[in-house]
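Summary of structural features
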Amino acid sequence: MLYRTFAALIVVFWLTMSALLIRNEIGAGDARLRAVPVAHVLRILFTHEQSSGLNIYLDKARIGHVRLDPQVNKADGTRFLKFTGNIQLNVPLMNRQRLWWDGVVEMTRLLEVRRAQFGFSFREVNRDSAASRVQVSVDPPAHVGSYEVLYADRILEAHQYSLDEKGVGDLLRQLEIAPAIVSMVGGQLPTDPPEITALQSSLEMRGEKIDTFLVTIRQKDQTLADVHVSQLGRVLRVTTLLGVTLSPEELSEP
């Protein structure tokens, strides 16, 4: 069923990104001089607490929008990275689908992830049918995750899993997902997490050169995404392996 595949893709993707194992490998030559810790870029996000509103483009056509909001609880130093967004999808043999999401990652003052929650909802465009939703929760300290599939606020399916290879295997069997789909979103999970690195860089916008941090996410030998972050912690540009580009909402094109 469609919702099973949809749920599996989201859960597998989240397990990949929530493995919480960041490997900083600094290359030789000039790159060695420009490398910075990924944690430094995260600290800048929370120091300035600037929101990032980005339009999502595919082949220069705007298909959606995403917003990132880093926030700090002044009382105890807890960090929250909140995000919302939406896109329209053209799925073969189906009516156009609207997909929207929301979530939050909670971190300690030392940037250790305490909790992550997010949800994806989807519904056919120009239809009055109820929305389907997948809600995912990850608890790294407890080493467990869970998800729910809902339709019209009614729970259709729920499952809890451990954040290890056995837990992922049990989850995929529960969702009746073929191994080929797992390979599409990153291979062995969560024992093979993505590599995340950061460099000092620059970006030209409207004829002006802006100093940035370039955060790169790689899986094995493939670059999944390049993210330019300003010196004040605002996301300025994202390019992805799938050809999807994100750029600030005040710009008319990517």
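Position numbers for residues start from 1 in each chain and track the written sequence from start to end. Given that the model is predicted, a residue must reach a pLDDT of at least 70 before its local features are reported, and side-chain atom pairs must reach 80 or more before they are shown or counted; all residues, however, enter totals for whole chains, interfaces and linings. Side-chain numbers here rest on the full set of heavy atoms in the structure, without hydrogens or water.

1. Points about the overall build of the chain
Strands here are runs of E lasting at least two residues and helices are runs of H or I lasting at least four, both read from the DSSP assignment and numbered beginning at the N terminus. A count of helices and strands for the chain gives 5 helices and 14 strands. Here the open area of atoms and residues is found with the Shrake-Rupley method and a 1.4 Å probe, where only the protein chains shown may cover a residue. Carbon and sulfur atoms provide 52% of the accessible area of the chain, an area that totals close to 14,000 Å².

2. Some points on unusual backbone geometry
For residues that are not glycine, phi is negative in most cases, and the peptide bond is trans in most cases. With a phi close to 70°, K60 is a non-glycine residue in the positive phi region. Tracing the chain through its elements places K60 in the loop between β2 (52-58) and β3 (61-72). A positive phi angle is found at R206, which is not glycine, with a value near 55°.

3. So, the side chain of R79
Following the sequence through the fold, R79 ends up in strand β4 (residues 79-89). Accessibility here uses a 1.4 Å probe with only protein chains present; expressed as a share of the type maximum, an area under 20% marks a residue as buried, one over 50% as exposed, and anything in between as partly exposed. By the counting rule applied here, Lys and Arg register as positive and Asp and Glu as negative, while His and the ends of each chain are not counted. A carboxyl oxygen of Asp or Glu within 4 Å of a side-chain nitrogen of Lys or Arg is what we treat as a salt bridge. No salt bridge forms around the buried R79; measuring N to O, its nearest opposite-charge neighbour D76 is 7.3 Å away. Within 3.5 Å is the distance limit for a polar contact, defined as a pair of N or O atoms, with the added protein rule that one can donate a hydrogen and the other accept it, and that residues adjacent in sequence qualify only through two side-chain atoms. A polar atom in the side chain of R79 sits 2.6 Å from the backbone oxygen of G77. Only heavy atoms matter for contacts: two residues are in contact if any of them lie within 4.5 Å across the pair. In this view, R79 contacts F46, Q71, V72, V105, E106, M107, T108, R109 and L111; residues no more than four positions away in its chain are not counted.

4. Some words on the packing of aromatic side chains
A pair of aromatic rings is counted whenever rings of Phe, Tyr or Trp (Trp by its six-membered ring) have centres within 6.5 Å, and the orientation is called stacked for planes under 30 degrees apart, edge-to-face for over 60 and tilted otherwise. All chains considered together, the criterion is met by 2 aromatic pairs. On the basis of an interplanar angle of 85° and a centroid distance of 5.3 Å, the ring pair of F118 and F120 is categorised as edge-to-face. Just as F118 is buried, F120 falls in that class too. Grouped by ring-pair contacts, the aromatic residues W101, F118 and F120 constitute a single cluster.

5. A short note on the nonpolar core
Grouped together as the largest cluster of nonpolar side chains are 42 residues, with contacts concentrated most on V41 and W101. When near neighbours in sequence (up to four residues on either side) are disregarded, V41 contacts V36, A198, F213, V215 and V229. Put simply, a nonpolar core is a bunch of buried Ala, Val, Leu, Ile, Met, Phe, Trp, Tyr and Cys residues held in one set by side-chain atoms that sit within 4.5 Å of each other.

6. Topic: the pairing of strand β12 (residues 222-230)
Think of it this way: DSSP has to see at least two bridges between two strands before they count as a pair. Judged from the 8 bridges that link them, strand β11 (residues 208-219) and β12 form a sheet pairing that is antiparallel. Opposite Q219, over in β12, you have Q222 as the bridge partner. Adjacent in sequence and paired antiparallel, β11 and β12 are bridged by 2 residues, among which K220 carries a positive phi angle near 60°. Pairing of β12 with strand β13 (residues 235-240), which is carried by 5 bridges, proceeds in the antiparallel orientation.

7. Description of the pattern of salt bridges
Counted under the stated rule, the structure contains 5 salt bridges. Notably, a salt bridge pairs E49 with K74, separated by 2.8 Å at the nearest N-O pair. Taken as a pair, E49 in the loop between α3 (38-48) and β2 and K74 in the loop between β3 and β4 lie far apart in primary sequence, 25 residues in all. K74 sits in the exposed class, given a relative accessible area of 67%. Each member of the salt-bridge network shares a partner with another, and the members are E106, R114 and R115.

8. Points about the confidence of the model for the chain
pLDDT runs from 0 to 100 and stands for how confident the predictor is about each residue. Mean pLDDT over the chain stands at 78; residues scoring 70 or higher make up 72%. This model gives residues 1-5 a pLDDT under 50, and the stretch forms 11 contacts once residues within four places in sequence are excluded. Low pLDDT, under 50, characterises residues 185-191; the stretch is placed with 19 contacts to residues that sit more than four places away or in other chains.

9. Focus: the environment of E157
Structurally, E157 can be placed in strand β9 (residues 154-162). Here E157 falls in the buried class, since its relative accessible area comes to 8%. Expressed as a C-alpha distance, the spacing of E157 and Y147, which sit 10 residues apart in the sequence, is 8.2 Å. At a separation of 2.8 Å, a polar atom in the side chain of E157 contacts the side chain of Y147.

10. Notes on the pairing of β4
Bridging between β3 and β4 involves 9 bridges; their strand directions are antiparallel. The residue of β4 that forms the bridge with V72 is R79. Here β3 hands over to β4 after 6 residues, with G77 in that stretch at a positive phi of 80°. Two strands pair when backbone bridges link them, and β4 and strand β5 (residues 97-107) are joined in this way by 11 bridges, in the antiparallel orientation. The partner of L81 across the bridge, within β5, is V105.

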